[in-house]
Amino acid sequence: MKIVVLIKEVPDTWGERRLDLETGLTDRAGAAAVLDEIDERAVEAALAYADGHTGTEVVVVTMAPATATATVRKALAMGATSAVHVVDDTLRGADLVLTAEVLAAAIRRTGFDLVIAGNVSTDGGGGVLPAMVAERLGVPQLTALSSLDVSDTAVSGDRVSDAGTMRVSAALPAVVSITEAMPEGRFTTFKGIMAAKKKPYETLDAAELGVEVEDPAVARYIMLSVAERPPRASGTKIVDEGDAGERLAAFLAAEGVA
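Computed from a prediction, not measured in an experiment: that's the story for all the values here.

Trainee: Can you walk me through helix H2 (residues 69-78) in this structure?
Mentor: In an α-helix, one turn spans 3.6 residues; hence positions three or four apart end up facing the same way. The set of residues buried in H2 consists of Thr-71, Val-72, Ala-75, Leu-76, Ala-77 and Met-78. Positive backbone phi, at 140 degrees, marks Gly-79, one or two positions downstream of H2.

This is the structure we're talking about:
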């Protein structure tokens, strides 16, 4: 079994995040770079399967600047078998469509039985990349799983929604995304960190993947404007002078709260 895990380097979840108002991109110099926590859980899901199935290969794939090497090696230190790192300055600021195209090309080149990803990154929050990658690869997708079961020929899991919990399944090969309901990633050990330095680490660019970055025939999104988030304004204060209930009801009615 070959399991590919999509990982991403993001600004520290607990740090302050800001946009560069000139480029509209995340100011990544303003916070420490870390492996996205949801992706640690995705790596853990793959490794948990590998622990009980000898011969399983876990490959982490990312599209990130060259400076993300340490972040990728953390996934290797956790126990991943090898890494594929797409590094290309022309991909800086790539939208979801282009990102999915590049990642799908890298996955196809690597080969896979199962692709595991986090359901949504903590910096972009698009939440659609796993589905877009599955579409590019032409395989089934199971998204937002709170549990994961893998067999030799199929994958299944639970998806929690407002309507209840659904049990979904698909034949392999397939793409799945997991939620924070899945177990946290395991801690890295000194032995794992040292071993990660010797594991296969392949670096590719868009051209090697056959992806044309500036193709006029492919529509890309256009950012019209970007602005800093306005400061939080104070809320409406209601002082009880005997009619607070009536005033509160009137306020809620004006806000459209039934």
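Trainee: Teacher, can you tell me more about the sheet that holds strand E9 (residues 154-161) here?
Mentor: Hydrogen bonds between backbone atoms are what pair the strands of a sheet, whose relative direction is either parallel or antiparallel. Strand order in the open sheet formed by three strands is E8-E9-E10, and the pairing between neighbours is antiparallel. The open sheet has two edge strands with one neighbour each: strand E8 (149-150) and strand E10 (164-171). Where E9 lies against E10, eight bridges are found, and the strand directions are antiparallel. Residue pairing for E10: Ala-154 is matched across the bridge by Ala-171.

Trainee: Help me understand the pattern of salt bridges in this model?
Mentor: Note on pairing: side chains with opposite charge can pair once their charged atoms come close. Within the structure shown, the criterion is met by eleven salt bridges. With its nearest N and O atoms 4.0 Å apart, the salt bridge here joins Glu-57 to Lys-2. You can see Glu-57 sitting in strand E4 (residues 57-63) and its partner Lys-2 sitting in strand E1 (residues 2-6), a full 55 residues away along the chain. Taking the shortest distance from any N to any O, the salt bridge between Glu-37 and Arg-41 comes out at 2.6 Å. Note that Glu-37 and Arg-41 are positioned in helix H1 (residues 37-52) at a spacing of four residues, about one turn of the helix. Residue Glu-37 is classed as partly exposed on the basis of its relative accessible area, which comes to 26%.

Trainee: Looking at this structure, I do not really get the side chain of Arg-41. What am I missing?
Mentor: By relative accessible area, which is 9% here, Arg-41 ends up buried. Among the polar contacts made by the side chain of Arg-41, one reaches the main-chain carbonyl oxygen of Glu-180 at a distance of 2.9 Å. Beyond its immediate stretch of four places on either side in the chain, Arg-41 contacts Ile-178, Thr-179, Glu-180, Met-182, Pro-183, Glu-184 and Gly-185.

Trainee: It is not clear to me how the sheet that holds E4 should be interpreted in this structure. Could you clarify?
Mentor: If you trace the seven strands from one edge of the open sheet to the other, you get E7-E11-E6-E1-E4-E5-E12, paired in parallel fashion. Here the strands that pair on one side only, and so sit at the sheet edges, are strand E7 (141-145) and strand E12 (201-204). If you compare each strand with its neighbour and ignore which way they point, the axes differ by 20 degrees on average. Of the strand pairs in this sheet, E1 and strand E6 (residues 114-118) are connected by three bridges, and their pairing is parallel. Counterpart to Ile-3 in the pairing with E6 is Leu-114. Sheet strands in contact with helix H4 (residues 129-137) are E1, E6, E7 and strand E11 (174-178), and its direction is about 175 degrees off that of E11.

Trainee: Can you help me understand the packing of H1 against H2 in this one?
Mentor: The N-to-C vectors of H1 and H2 enclose an angle of 30 degrees; their axes lie 10 Å apart at closest approach. As the angle between them shows, H1 and H2 are arranged roughly parallel. Relative to H2, H1 is oriented so that their crossing is right-handed. Contacts between H1 and H2 involve Glu-40, Val-43, Glu-44 and Leu-47 from the former and Lys-74, Ala-75 and Met-78 from the latter.

Trainee: Would you mind going over the packing of helix H3 (residues 96-110) against H4 with me for this structure?
Mentor: Each pair of packed helices can be described by the angle between their axes along with the distance between the axes. In the contact formed by H3 and H4, the axes pass within 9 Å of each other and the chain directions differ by 55 degrees. One way to sum up the angle between H3 and H4 is to call them oblique. Relative to H4, H3 is oriented so that their crossing is right-handed. For the pair H3 and H4, contact is made by Leu-96, Val-97, Thr-99, Ala-100, Glu-101, Leu-103, Ala-104, Ile-107 and Arg-108 and by Leu-129, Met-132, Val-133, Arg-136 and Leu-137, respectively.

Here is what the cut-offs are and how they apply
Residues numbered from 1 in each chain as written. Predicted model: local features only at pLDDT ≥ 70, side-chain atom pairs only at ≥ 80, totals over all residues. Heavy atoms only, no water. Buried < 20%, exposed > 50% of the residue type's maximum accessible area, 1.4 Å probe, protein only. Helix = DSSP H or I, 4+ residues; strand = E, 2+ residues; numbered from the N terminus. Pairing = 2+ DSSP bridges. Salt bridge = Lys/Arg side-chain N within 4 Å of Asp/Glu carboxyl O. Polar contact = N/O pair within 3.5 Å; in protein donor to acceptor, adjacent residues only side chain to side chain. Contact = heavy atoms within 4.5 Å. Axes fitted to C-alpha atoms, helices over the stretch in contact; angles between N-to-C directions. Parallel < 35°, antiparallel > 145°, perpendicular 65-115°, else oblique. Left-handed = near helix turned anticlockwise from the far one by under 90°.

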